[in-house]
Amino acid sequence: MTFSSGALALSLSFIKDIVPLEKAGFLCWLFVSWVSFSLCIVATMASFPFSIQAQKKHLDYLYKYYIEGRPEFFNKQSSWSIAVTVSAALGAVFFLIGLVATVVFATANISKGVHK
């Protein structure tokens, strides 16, 4: 979340230093990067309450395994723990998409400026 928040803030703050937006091409890549970084932040923030619920459920499973002696609860995953895994993976994917889109936008506009 720190990286995507920082990348989004840097992109919003300093993109004008790469190319003025009124002269920029490939703006769709810039918007894709902003949306991707934002979705990364949302996915990461969603993983926090998911992980709290996953830990609560895991404590219940531990009790059933160790105290009640029920072997079916050994290494059992809850839907909450799956949600944590999925949201973490989505966060990573959105971050990479945002990073690639930012690099494509910057590179395309810098090379466009060099050739003029």
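Predicted model, so just to flag it, every value in this text is computed and none were measured. (Residues numbered from 1 in each chain as written. Predicted model: local features only at pLDDT ≥ 70, side-chain atom pairs only at ≥ 80, totals over all residues. Heavy atoms only, no water.)

Moving on to helix H2 (residues 27-67). Here H2 is 41 residues long and its end C-alpha atoms lie 59 Å apart, about the 60 Å a rise of 1.5 Å per residue gives. Of the residues trailing H2, glycine 69 is marked for its positive phi of about 70°. (Helix = DSSP H or I, 4+ residues; strand = E, 2+ residues; numbered from the N terminus. Expected span 1.5 Å × (residues − 1).)

One finds Leu8, Ile15, Val19, Ala24, Leu30, Trp34, Phe37, Ile41 and Phe105 forming the largest nonpolar core, which totals nine residues. If you list the elements that add at least two residues to this core, you get helix H1 (2-18) and H2. Considering each element in turn, this core owes the most residues, four residues, to H2. With residues near it in sequence (within four places) discarded, valine 19 still touches Ala24, Phe105 and Asn109. (Core = buried A, V, L, I, M, F, W, Y, C linked by side-chain atoms within 4.5 Å. Buried < 20%, exposed > 50% of the residue type's maximum accessible area, 1.4 Å probe, protein only. Contact = heavy atoms within 4.5 Å.)

Another point: the environment of valine 104. With respect to the secondary-structure elements, valine 104 resides in helix H3 (residues 79-115). Here valine 104 falls in the partly exposed class, since its relative accessible area comes to 31%. Residues valine 104 and valine 93, 11 residues apart in the sequence, show an inter-C-alpha distance of 16 Å.

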